[in-house]
Amino acid sequence: MKNATQVFLRRLPVTLIAAVVIWLLLRPAIDTAVAGLAQTLIRSFEYPRVTRLVVEDHQAQMRRTDLRTDSKVPSVSMTEVTFNTIVLLALYLALPHPFSRRQLERLFMGWCVLYLSQSINLLFHVKTLYAMGLGEWSQHHYSDLARNAFGFGRYFTDLPGRFSFPFLIWLGFNWDVVMKMLGIQEETPRKPKTKKKTSGRG
Amino acid sequence: MNLRELWQKPEARFLILFLTILGVSFTVVALRQVNDAFVTPYTAVIARMSGFVLRIFGEEAVVTGCVVSSPRFAVTIYNGCNGLITSLIFISGVLAFPAKISAKLIGVIGGLLTIQLINLVRIVSLFYIGVFLPQHFNDAHIFVWQSLVIIAGISLWIVWAHKFALPQESS
């Protein structure tokens, strides 16, 4: 299994380039999906429901329907929110048998978790802006506790989250594969398939 | 599944420890006193090192606090660009993983030095991207170099774990 680590490390630069290409191709869809989920989450706890996140030129623009028409529209860079998809994809593709059914299922699950984390990161960006960045309006509508909570959430999902989540998700879903690859865990023989018992209920 | 059973699972134990160490370390560096006493001076040192390397390459680089400037281009080194976050994630990964104390010490020291070296290359290359391809500076800064730095940190962790980690007990 020692070679497996070397193979992984040799593959990684190639899969990184492949991951960049995939991300660049999927970027418009990823941006829209992340902004869509973040908007849904924000509006779920909002009354009246006024937040609209519109993606333009890889920026999520925070357009509130109750803002004056001449107001400036704050925006968040979607590149910063979603670039860690590249890292997750590169790590997955560098593992052995990346296109096996099991690995594709794990990639799908991992990507879903990362997507959720990116949406939550965007949510905290928007809520932090509402709680701190809109002057007297923020002071009037948000308590100190809310400001601290949203600031805390934004801080942790921002740089620490963006940098560490792909690694954590990849390792969490592929612990057995990674440990085998590192030569730490011996490969366990596969259990023979047993026939499923059909049991009736009631 | 109760907490004890969860703790018996190596992947769960690693993830819990990793997140705890990461959470504590990021909370500590977020404190204003720590930021003023450590993070800002640390970032200024990184800026001075970058300025030094740029001067070796013949640039008339001047460092003021965390800003490296020359007549051709200027970069400001923020908290996310000083290698500290990647270092903290790497250290959390090393400390959370089952290994001897001596191996962890080697990992922490070796990893920190290597990450800083990679970060130095990153800052200098970004400076030149800013000089020659300013229209690509943001892309290079965010998704190219940030991805590269994370991947480099994970690769370092993999090499370290492969060489120094303890074999797991068979359950």
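In this text, all values refer to a predicted model and were calculated from it rather than measured experimentally. (Residues numbered from 1 in each chain as written. Chains lettered and ligands numbered in written order. Predicted model: local features only at pLDDT ≥ 70, side-chain atom pairs only at ≥ 80, totals over all residues.)

Visitor: Mind showing me how you'd approach the sheet that holds strand 2 (residues 59-64) of chain A here?
Guide: Backbone hydrogen bonds hold the strands of a sheet together, and the pairing may be parallel or antiparallel. Residue and element names in this part refer to chain A. Taking strand neighbours across the sheet as the criterion, the 3 strands line up as 1-2-3 in an open arrangement whose pairing is antiparallel. Strands at the two margins of the open sheet, each flanked by one partner only, are strand 1 (51-56) and strand 3 (75-77). Ignoring which end each strand starts from, the neighbouring axes of this sheet average 25° apart. One ladder, built from 3 bridges, connects strand 2 with strand 3; its direction is antiparallel. Bridge assignment links alanine 60 to a residue of strand 3, and that residue is valine 76. (Pairing = 2+ DSSP bridges. Helix = DSSP H or I, 4+ residues; strand = E, 2+ residues; numbered from the N terminus. Axes fitted to C-alpha atoms, helices over the stretch in contact; angles between N-to-C directions.)

Visitor: It is not clear to me how unusual backbone geometry should be interpreted in this structure. Could you clarify?
Guide: Trans peptide bonds make up most of the peptide bonds, and negative phi angles are found at most residues other than glycine. All names here are of chain A. The omega angle of the peptide bond from tyrosine 47 to proline 48 is -5°, so this bond is cis rather than trans. Along the chain, proline 48 falls in the loop between helix 1 (2-44) and strand 1. Its identity is not glycine, yet aspartate 57 carries a phi of approximately 55°, on the positive side. Looking at where aspartate 57 falls in the secondary structure, it is placed in the loop between strand 1 and strand 2. Phi is positive for histidine 97, close to 50°, though the residue is something other than glycine. Here histidine 97 lies in the loop between helix 3 (84-94) and helix 4 (101-132).

Visitor: I'm lost on the interface of chain A and chain B in this one. Help?
Guide: Interfaces are often sized by the accessible area lost when the parts come together. If you look at the interface, chain A gives 27 residues, while chain B gives 24 residues. Those elements that provide at least two residues to the side of chain A that touches chain B are helix 1, helix 2 (78-82), helix 3, helix 6 (144-157), helix 7 (159-173) and helix 8 (175-182) of chain A. Ranked by the residues each element gives to the side of chain A that touches chain B, the list is headed by helix 7 of chain A, at 8 residues. Across the side of chain A that touches chain B, the residue classes tally to 20 nonpolar, 6 polar and 1 charged. (Contact = placed C-beta atoms within 7 Å. Nonpolar A, V, L, I, M, F, W, Y, C, P; charged D, E, K, R; others polar.)

Visitor: I keep staring at the environment of A:Leu116 and nothing clicks. Help me out?
Guide: Residue and element names in this part refer to chain A. Its location among the elements puts leucine 116 in helix 4. By the C-beta count within 10 Å, which is 14 here, leucine 116 ends up partly exposed. Along the backbone, leucine 116 and isoleucine 184 are 68 residues apart, and their C-alpha atoms lie at a distance of 31 Å. (Buried ≥ 20, exposed ≤ 12 C-beta atoms within 10 Å, placed from the backbone.)

Visitor: So what exactly am I meant to see when it comes to helix 3 of chain A here?
Guide: The α-helix winds at 3.6 residues per turn, so residues separated by three or four positions along the chain end up facing the same way. Of all 11 residues in helix 3 of chain A, 10 are buried; the element is thus mostly enclosed. Taken together, the buried positions of helix 3 of chain A are A:Asn84, A:Thr85, A:Ile86, A:Val87, A:Leu88, A:Leu89, A:Ala90, A:Leu91, A:Tyr92 and A:Ala94.

Visitor: What's the story with the packing of helix 3 of chain A against helix 4 of chain A in this structure? I'm lost.
Guide: Two measures define how a pair of helices packs: the angle their axes make with one another and the distance between the axes. Residue and element names in this part refer to chain A. One way to put it is that helix 3 packs onto helix 4 with a least axis distance of 11 Å and a crossing angle of 165°. The angle between helix 3 and helix 4 falls in the class roughly antiparallel. Crossing hand, helix 3 versus helix 4: right-handed. Of the residues in helix 4, those touching helix 3 at Asn84, Thr85, Leu88 and Tyr92 are Gln103, Leu107, Gly110, Trp111 and Leu114. (Parallel < 35°, antiparallel > 145°, perpendicular 65-115°, else oblique. Left-handed = near helix turned anticlockwise from the far one by under 90°.)

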